[in-house]
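# Remarks on the overall topology
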Amino acid sequence: MYAQTKGENMQELQKQLEEILESCRSYTNMGRVADYIPELASANRDDIGICVSIPSESEYGGIWHAGDWEKQFTIQSICKPILLLQAIIDNGTDYVKEHVGMEATGKPFNAIDYSEHLLLREHINPMVNIGAIAVCGMIKADSDQERFEKILSMLKRITGDPDLAVDERVFNSERETGNKNRALAYLLKSSGMLSGDAESLLEVYFAMCSIKVSCRDLAAVALLLAMHGKDAEGRQVIPEDAARMLNAVLTTSGMYDGSGEFAATVGVPAKSGVGGGIMAVVPGRMGIGIYSPGLDKKGNSVAGVKMLERLSREMNLSIF
Ligand code: DON
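Here the structure is a predicted model, which is why all the values come from computation and not from measurement. (Residues numbered from 1 in each chain as written. Predicted model: local features only at pLDDT ≥ 70, side-chain atom pairs only at ≥ 80, totals over all residues. Heavy atoms only, no water.)

## Here's the deal with the site of the ligand
Here is the rule: Summary of the distance rule: residues count as near a molecule or strand when at least one heavy atom falls within 4 Å of that molecule or strand. Polar contact is the term for a pair of N or O atoms within 3.5 Å; when the atoms are in protein, one must be able to donate a hydrogen and the other to accept it, and sequence-neighboring residues count only if both atoms are side-chain atoms. Calculation of accessible area relied on Shrake-Rupley with a 1.4 Å probe; when residues are assessed, cover is drawn exclusively from the protein chains displayed. Throughout the structure description, domain borders are defined by an automatic or database domain assignment.
Around the ligand sit 14 residues, and of these Tyr36, Gln76, Ser77, Glu174 and Tyr205 come closest. Take Gln76: an N or O atom from its side chain is 2.7 Å from a nitrogen atom of the ligand. Contacts to the ligand include Val274, whose backbone N or O atom sits 2.9 Å from an oxygen atom. Protein contact buries 99% of the 340 Å² of open area that the ligand shows by itself. Here the shell around the ligand spans two domains, and each of domain 1 (6-73 + 213-315) and domain 2 (76-209) adds at least three residues to it.

The structure is reproduced here in structure tokens:
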């Protein structure tokens, strides 16, 4: 266990984190590991980890963690805010808002029930699959390979982890079984919301979902969003308006059709993935990375949400 101590308060915070994790451990049994992508089924449902990153100037500044915080898992849907961020950096917030909607869908992440009158840009939310695939297409590059490398490089820079890489087994499993995503991409293409080659763009989306990360990586991204795009030295690393827009979309849609409940019980912008990760942003205060692969019916980590509920109550994290 490692912590940058600044006195007794910090040791208390470390203890609190360990207690929260232990008290939520039993919830790992209540979730189901995702198996609609066969390779994800090999995750260990008993795993549970948390990492909290707090700006160094704060009384509790440092990186705090417990459990399997270093274990790697695939980022899955937590790549959606990263894709959106790159699309905003490349095109600006106005362009992105003209091409995807900001409204919550109340639908599952892989919903495909878009009747003709709903296949409009304003109904395409970037935190569900259809919107994330559309956002992929907005990232500027000369090829889809370059597009992927551009996003991966940004993620490496933000996390400070130069070794981030794709889990090839998960990637192959995603593309072999990703027919619903294929259908969504062609639906977008048929409505003029996707240009270029749909199959090749899907490879970018599948590869992005298959990047291996740890709780520490998620906490680092979340901290940057929490500080509205400024890094530890106060440098504006990503545009402030992009960070604010992302935090807003994460609040309304980051936990899919569980976003309203999550806003009521935890109350912070967050994004989950079917790999078992959750990235939670506490504006102005901290970034949190969570891992526990047992999921509820909506695709959110059961023990992960429980840890966040307790952390939020005990540290008064809700923004509402
Ligand atoms: O599009 C998919 O099916 C996945 N690769 C990502 C979905 C996901 O993580 C949804 N999250 N809860």
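## Looking at the domain arrangement of the chain
For clarity, the cut-off: Buried area adds together the accessible area that both of two parts lose upon being put together, with accessible area traced by a 1.4 Å probe. Salt bridges are defined as contacts in which a side-chain nitrogen from Lys or Arg sits within 4 Å of a carboxyl oxygen from Asp or Glu.
Domains assigned within the chain are domain 1 (6-73 + 213-315) and domain 2 (76-209). Relative placement of domain 1 and domain 2: their C-alpha centres are 22 Å apart. Interface area, domain 1 with domain 2, both sides summed: about 2800 Å², of which 77% is carbon and sulfur. Broken down residue by residue, the surface that domain 1 buries against domain 2 is led by Glu39, Met245 and Tyr256, which jointly contribute 21%. On inspection of domain 1 and its partner domain 2, the count reaches 1 salt bridge.

## Describing the pairing of strand β1 (residues 49-54)
Looking along a regular strand, one sees the side chains alternate between the two faces of the sheet. Defined as follows: Per-residue accessibility, obtained with a 1.4 Å probe over protein chains only, is compared with the maximum for each type, and a residue is labelled buried under 20%, exposed over 50%, and partly exposed between these values. Helical segments are the DSSP runs of H or I of at least four residues, strand segments are the runs of E of at least two, and each set is numbered from the N terminus. At least two DSSP bridges between two strands are required for those strands to pair.
Most of β1 sits out of view: 6 of its 6 residues are buried. In terms of strand pairing, β1 meets strand β2 (residues 62-67) through 6 bridges, oriented antiparallel. Opposite Gly49, over in β2, you have Gly67 as the bridge partner. For β1 and strand β7 (residues 286-291), the ladder comprises 5 bridges, and the chain directions are antiparallel. Bridge pairing in β7 places Cys51 opposite Gly289.

## Considering the sheet that holds strand β5 (residues 270-272)
Test applied: Fitted lines through C-alpha atoms serve as axes, helices being fitted only where they are in contact, and the angles separating the N-to-C directions of these axes extend from 0 to 180 degrees.
As summarised here, the arrangement of the 5 strands in space is β2-β1-β7-β6-β5, forming an open sheet in which the pairing is antiparallel. Looking at the sheet topology across the chains shown, the edges are occupied by β2 and β5. Within the sheet, the average angular offset between the axes of one strand and its neighbour, ignoring direction, is 10 degrees. As paired strands, strand β6 (residues 277-282) and β7 are joined by 6 bridges and run antiparallel to one another. Pairing of Val281 across the sheet is with Gly287, part of β7.

## So, helix α8 (residues 198-209)
The line we're drawing: Each helix should span, by expectation, one fewer than its residue count multiplied by 1.5 Å. Contact criterion: two residues are considered in contact whenever any of their non-hydrogen atoms come within 4.5 Å of each other.
Between its terminal C-alpha atoms α8 stretches 16 Å, which fits the 16 Å expected from 12 residues at 1.5 Å a residue. Counting buried residues along α8, 9 of its 12 residues qualify, which places the element largely inside the surrounding structure. Three or more residues of α8 are buried, namely Ala198, Leu201, Leu202, Val204, Tyr205, Phe206, Ala207, Met208 and Cys209. Structurally, α8 contributes buried residues whose contacts are with β3 (73-74), α2 (79-91), α4 (129-136), α5 (144-159), α6 (168-177) and α7 (179-190).

## A short note on the environment of Leu218
You can see Leu218 is positioned in helix α9 (residues 215-226). Judged by relative accessible area, Leu218 falls into the buried class, the value being 2%. Separated by 60 residues in the primary sequence, Leu218 and Ile158 place their C-alpha atoms 9.7 Å from one another. Apart from the residues within four sequence positions on either side, Leu218 is in contact with Phe73, Ile78, Val213, Gly277, Ile278, Met279, Ile288, Gly289 and Ile290.

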